[in-house]
Amino acid sequence: MRVTVQRLQEMKRQGTRFAMLTAYDYAIAKLLDGAGIPVLLVGDSLGTVMLGYPTTLNVTVEDIIRHTQAVVRGSTQALIVGDLPFLSYQASIEEAIRNAGRLIQEGGAQAVKLEGGLSVAPTVRRIVDCGIPVMGHIGLTPQSVHQMGGYRVQGRTREVALRLLDDASALEEAGAFSIVLEGVPAPLAERITAQLAIPTIGIGAGPHCDGQVQVIHDLLGLFTDFVPRHARRYADLGAVIQTAVGQYAADVIGGAFPSEKESFSMDEQVLSELVEAIKPDSHD
Ligand code: KIV
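Read on for an overview of the structure.

What counts, and where the lines are drawn
- Residues numbered from 1 in each chain as written.
- Predicted model: local features only at pLDDT ≥ 70, side-chain atom pairs only at ≥ 80, totals over all residues.
- Heavy atoms only, no water.
- Axes fitted to C-alpha atoms, helices over the stretch in contact; angles between N-to-C directions.
- Helix = DSSP H or I, 4+ residues; strand = E, 2+ residues; numbered from the N terminus.
- Parallel < 35°, antiparallel > 145°, perpendicular 65-115°, else oblique.
- Left-handed = near helix turned anticlockwise from the far one by under 90°.
- Contact = heavy atoms within 4.5 Å.
- Buried < 20%, exposed > 50% of the residue type's maximum accessible area, 1.4 Å probe, protein only.
- Arc of directions from axis to C-beta.
- Pairing = 2+ DSSP bridges.
- Right-handed = clockwise from strand over helix to strand, strands pointing away.
- Phe/Tyr/Trp six-rings, centres within 6.5 Å; stacked < 30°, edge-to-face > 60°.
- Core = buried A, V, L, I, M, F, W, Y, C linked by side-chain atoms within 4.5 Å.

This part is about the packing of helix H5 (residues 93-105) against helix H6 (residues 121-129). Look at H5 against H6: their axes get within 9 Å of each other, and the N-to-C directions meet at 45 degrees. What the angle tells us is that H5 and H6 run oblique. Crossing of H5 against H6: the hand is right-handed. Across the interface between the two elements, Ile93, Glu94, Ala96, Ile97 and Ala100 of H5 pack against Pro122, Thr123, Arg126 and Ile127 of H6.

Within the secondary structure, Asp44 is located in the loop between strand E2 (39-42) and helix H3 (46-49). If we skip the residues at most four places from it in the chain, Asp44 touches Thr56, Val59, Ile64, Asp83, Pro85, Glu115 and Gln143.

Attention now moves to helix H1 (residues 5-14). Along H1, the residues that are buried comprise Val5, Leu8, Gln9, Met11 and Lys12. Angular distribution of buried residues about the axis of H1 spans 150 degrees; they occupy a single face of the element. In H1, the exposed positions that point more than 90 degrees away from the buried face belong to Gln6 and Arg13. The elements touched by buried residues of H1 are strand E1 (18-22), E2, strand E3 (79-83) and helix H9 (186-195). Just downstream of H1, Gly15 is the residue with a positive phi angle, here 75 degrees.

A few words on the pairing of strand E6 (residues 178-182). Most of E6 sits inside the fold, with five of its five residues counted as buried. The side-chain alternation of E6 yields two buried faces, one formed by Ser178, Val180 and Glu182 and the other by Ile179 and Leu181. Pairing analysis gives four bridges linking E6 to strand E7 (residues 200-203), with the strands arranged parallel. Its bridge partner being in E7, Glu182 is matched across the sheet by Ile203. As a crossover connection, the stretch from E6 through H9 into E7 is right-handed.

The next subject is the packing of aromatic side chains. Counted by the stated rule, this structure contains two aromatic pairs. Taken together, a centroid distance of 5.6 Å and an interplanar angle of 70 degrees make the contact between Tyr248 and Phe257 edge-to-face. Exposure remark for Phe257: the relative accessible area of 34% places this residue in the partly exposed category.

Moving on: the nonpolar core. Of all hydrophobic cores here, the largest spans 56 residues; its most connected members are Leu40, Ile127 and Leu181. It is helix H8 (residues 158-174) that contributes the most residues to this core, seven residues altogether. Non-local contacts of Leu181, meaning those with residues more than four positions away in its chain, are made with Ile138, Ala189, Ile192, Thr193, Thr200, Ile201, Gly202, Ile203, Ala205 and Cys209.

Written out as structure tokens, the structure reads:
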């Protein structure tokens, strides 16, 4: 039985914090699920950390579906949230419902996430009315990178902070089951968390959120282009991988790999018959 959206809300009521991580493939999903991570997000961050795009704007619904399918196959207990990518929910509510439905029906996710506050609240309401749980995402919303003028912390001014408080309430009223707060000053995230009955999940939003989310590549040191200030490296798998592949290459070059242990034997009789058969004069 997977973690449910109701369970996350119960955790908020009980004051139990939870960890969420991104996952994009079967092998990593299996490890994270096995470690008991209750929520796995197939984020559009896959555009940068998996596909090498400079932003998340190139990610398509098909990309998210393909990776969600892999994450679902690799997990049994986590709630899987599929991210609605740029332009998959903004053009019309009908399109948003259809794409949210695809992440559930084709991808196998149990919930979807989308960016925005007050302006997307009617869309959230209609998707929720279709029976699809929606996770909101406000603050630093990477799909609006060009409008924000870069990846900047949001809510440092009174005006923007008030807007974010309103955005959070609008999403809750529209039926969102939780809200990601990204790149928001910690005291503001604390206020938003206190004002909502649904859980907040922070990323660069301080310690007072109900949950925290991180991009798995940042946590494990697998993405080396840059390390966001909000991330903490719990392992340097990038270095581990480079050492391992360097050793492998050296063993190949030096003849130490493969050894007999990594090779397959052949029946002696068959071998001698083969040698006989391929002797140059045996073809005469
Ligand atoms: O795409 C993503 O990984 C996200 C998280 C950073 C919340 O939206």
